[in-house]
Amino acid sequence: MSKLTAVIGLNWGDEGKGKIVDGLAKDYDGVARFSGGPNAGHTIYHNNEKHVLHVIPSGIFYPDKLCLITAGVVLDLAKLVIEIAGLHQKGISCDNLRISPECHLVLPYHTLIDQIRESRKAKLGTTKSGIGPCYADRTARIGIRVKDLFDEAALRENLEINVSEKNPFLVVNGYLPLDSESLFDHLRSLRDSITPYVADTRNLLLNCDTSFLLEGAQGVMLDIDQGTYPFVTSSQCTYAGILSGTGLPARSEIDVIGVIKAYNTRVGTGPFPTEDAGSIGERIRTQGKEFGSTTGRPRRCGWVDIPQIKYAIELSGANAVVMTKLDVLSGFQEIQICTEYTGGVPGGDWGKARPSYQTVTGFILDTGVKSWDDLPATAQGYVLLIERLIGIPISQVSVGPRRQEILDIPVYCR
Ligand code: IMP
């Protein structure tokens, strides 16, 4: 294994990781997704067409790159089959896709349980894709994995146990009970569609003498252990998730690129210290088209948050950062940067953090900017100030949704 580079979101997800992975993938032999599931939505422009990937790695547009869905990812087979078919329809082959037999399956009862919980007053604001209930079953050791689809007798038995456990909860909440036999038939037909892709992804990673990108999902602040619990997802979004998801050796040498937005967003409930719930947040949302790519929900918007990013750098092990969506701030006369929290994060409660801001002059970006040198000095100054404040290099900045709109920041700038 010659080179491993992970791409991890340093905010609350939606940083634009998919586009960055797609841009970097040309220099690697493959892309391995290590966590999350169909809750993610990675938006990529390929041949001037917009694609939203949910679990398929963002290297899929390069037919010569191996794309691995590793064991840390949970799969909703019905959605995966639609995702593959959608790519085929657009002429994109998935022959280079491999799926770990260890991936846990998101089953219809998981999605229903998630939806029932989200219909309550005290909701988390999940994507309602069944992620929490699926990872809960994984931890409870009653989950069903891709490999289990190939032992029909055991699968039948396992489904019966799971359905009999879940049905009382569904019925008491006004849903019809599920029938394990119909579920079995459904899974068997889906299995046939994915069988050609099933392969030992850990082995593929370990035994190839090549370079791989390791693609994260969501962001550090949504990590199950170190994020803003309970307003988090149910997987590991930090460096730890790379190792547990892929099964790479613990002492692997992995470079980590952290991705941040030029501002900040979060979708769903939970603490967000630099949120602007007023007209500024509204303007960022409109200019940045900040609506969820999986759910269409409006994202909450606010300013860049240095203490939050520094925390995420620690947990991700990032040694470089890419900043996305700088163009969205074009036209703001003034921009705020949260440089510190007065009094820190009391008791680890991010909801109690009180941000203090530094105000900087805004900028206007022309469309069609092709290089860092084309950016106005105020825009460059904004990026370089954030670089100084976070303490690690910002290697690239993106100024639009397409691959060619990712600009390298020359080393001489520092
Ligand atoms: P879940 O992952 O669907 O259970 O949702 C839990 C929390 O994570 C909610 O606040 C979601 O909005 C958030 N979340 C999950 N996936 C993403 C993502 O890909 N981008 C941004 N937020 C996400």
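Small disclaimer: the values here were computed from a predicted structure and weren't measured.

> Before we move on, can you summarise the overall build of the chain with the specific residues and values?
A count of helices and strands for the chain gives 11 helices and 18 strands. Radius of gyration (C-alpha) of the chain: 21 Å, near the 22 Å computed for a compact globule of 414 residues. Expressed as lengths along the three principal axes of its C-alpha atoms, the size of the chain is roughly 65 × 50 × 40 Å. Evaluated residue by residue, the chain yields a buried proportion of 53% over its 414 residues. Accessible surface, the chain: about 17300 Å² in total, of which carbon and sulfur atoms supply 51%. Treating the 42 positive side-chain charges of the chain as one cloud and the 47 negative ones as another, the clouds have centres 4 Å apart.

> Tell me about the site of the ligand, and name the residues and values.
Within the structure, the ligand sits among 15 residues, and D14, N39, T127, T233 and R297 are positioned closest to it. Within the side chain of N39, one N or O atom sits 2.9 Å away from an oxygen atom of the ligand. One nitrogen or oxygen atom from the side chain of R297 is found 2.9 Å from an oxygen atom belonging to the ligand. Contact with the protein chains hides 96% of the accessible area of the ligand, taken as 470 Å² for the molecule alone. Of the residues belonging to the shell around the ligand, the class tally is six nonpolar, seven polar and two charged.

> Explain unusual backbone geometry to me, and be specific about the residues and the numbers.
Cis geometry marks the peptide bond from Y229 to P230, where omega comes out at 5°. Structurally, P230 is set in the loop between β9 (211-215) and α8 (239-246). The backbone of D14 sits at a positive phi, close to 65°, despite the residue not being glycine. Assignment of secondary structure puts D14 in the loop between β1 (3-9) and α1 (17-24). Given the relative accessible area of 24%, D14 is considered partly exposed. A positive phi is found at K289, a non-glycine position, where the angle reads about 45°. With a relative accessible area of 65%, K289 lands in the exposed category.

> Kindly report on the pairing of strand β5 (residues 66-69), identifying the contributing residues and their values.
Each regular strand displays side chains that alternate between the two surfaces of the sheet. Bridging between strand β2 (residues 30-33) and β5 involves four bridges; their strand directions are parallel. Of the residues in β5, the one forming a bridge with R33 is I69. Where β5 and strand β7 (residues 97-99) come together, three bridges link them in parallel fashion. Opposite L68, over in β7, you have R98 as the bridge partner.

> Tell me what's going on with the pattern of salt bridges, and back it up with residues and numbers.
Working definition: two side chains of opposite charge can pair if their charged atoms are close together. Following the criterion strictly, the structure yields 21 salt bridges and no others. The salt bridge involving E102 is made with K147; its shortest N-O contact spans 3.1 Å. Here E102, found in the loop between β7 and β8 (104-105), pairs with K147, found in the loop between α4 (131-140) and α5 (152-172); they are 45 residues apart in sequence, far enough to count as distant. In this structure K147 comes out as partly exposed when scored by relative accessible area, which is 34%. The salt bridge partner of E290 is K261, with a shortest N-O separation of 3.0 Å. Here E290, found in the loop between α9 (279-287) and β12 (300-302), pairs with K261, found in strand β10 (residues 255-261); they are 29 residues apart in sequence, far enough to count as distant. In this structure, a network of salt bridges that share partners links the residues D14, K261, E290, R299 and K325.

> Before we move on, could you go through the packing of α5 against helix α6 (residues 180-194) and cite the residues and values that matter?
In helix packing, the relevant descriptors are the interaxial angle and the interaxial distance, both defined with respect to the helix axes. Where α5 meets α6, the closest approach of the two axes is 9 Å, and the angle between their N-to-C directions is 135°. Taken together, the axes of α5 and α6 are oblique relative to one another. Along this stretch, α5 crosses α6, giving a crossing that reads as right-handed. Each of E152, L155, R156, L159, E160 and V163 in α5 lies in contact with α6, whose residues at this interface are S180, E181, L183, F184, L187, R188 and R191. Residue classes in the contact of α5 with α6 are distributed as six nonpolar, one polar and six charged.

> Which residues make up the sheet that holds β1, and what are the values?
On the basis of which strands lie adjacent, the open sheet formed by nine strands has the order β7-β5-β2-β9-β1-β10-β14-β17-β18 and mixed pairing. Strands with a single pairing partner mark the edges of an open sheet, and in this sheet they are β7 and β18 (406-408). Each strand axis lies, on average, 20° off the axis of its neighbour in the sheet, ignoring direction. Relative to β9, β1 is paired through five bridges, and the arrangement is parallel. Paired with A6 across the two strands is L214, which belongs to β9.

> Hey, could you go over the sheet that holds strand β16 (residues 354-361) for me, with residue numbers and the actual values?
Read from one edge to the other, the open sheet built from three strands follows the order β13-β15-β16, with strand pairing classed as mixed. Each end of this open sheet is capped by a strand with a single partner; those strands are β13 (304-305) and β16. Pairing geometry for β13 and strand β15 (residues 334-342), over two bridges, is parallel. What sits directly across from D305, in β15, is C338. Packing against the sheet, helix α11 (residues 377-390) makes contact with β13, β15 and β16, and its axis sits at approximately 10° to β15.

> Please provide a residue-by-residue account of helix α2 (residues 77-89), values included.
Taking 1.5 Å per residue, 13 residues should reach 18 Å; α2 reaches 18 Å between its end C-alpha atoms and fits that length. At its buried positions, α2 is contacted by β4 (49-53), β5, β6 (74-75), β7, β8 and α6. Among the residues trailing α2, G91 stands out with phi positive, at a value near 85°.

The rules behind the values
Residues numbered from 1 in each chain as written. Predicted model: local features only at pLDDT ≥ 70, side-chain atom pairs only at ≥ 80, totals over all residues. Heavy atoms only, no water. Helix = DSSP H or I, 4+ residues; strand = E, 2+ residues; numbered from the N terminus. Rg over C-alpha atoms; globule rule 2.2 N^0.38 Å. Buried < 20%, exposed > 50% of the residue type's maximum accessible area, 1.4 Å probe, protein only. Areas by Shrake-Rupley, 256 points an atom, 1.4 Å probe, with all protein chains shown as cover. Lys, Arg positive; Asp, Glu negative; His and termini not counted. Charge placed at Lys NZ, Arg CZ, Asp CG, Glu CD. Near = heavy atom within 4 Å. Polar contact = N/O pair within 3.5 Å; in protein donor to acceptor, adjacent residues only side chain to side chain. Nonpolar A, V, L, I, M, F, W, Y, C, P; charged D, E, K, R; others polar. Pairing = 2+ DSSP bridges. Salt bridge = Lys/Arg side-chain N within 4 Å of Asp/Glu carboxyl O. Axes fitted to C-alpha atoms, helices over the stretch in contact; angles between N-to-C directions. Parallel < 35°, antiparallel > 145°, perpendicular 65-115°, else oblique. Left-handed = near helix turned anticlockwise from the far one by under 90°. Contact = heavy atoms within 4.5 Å. Expected span 1.5 Å × (residues − 1).

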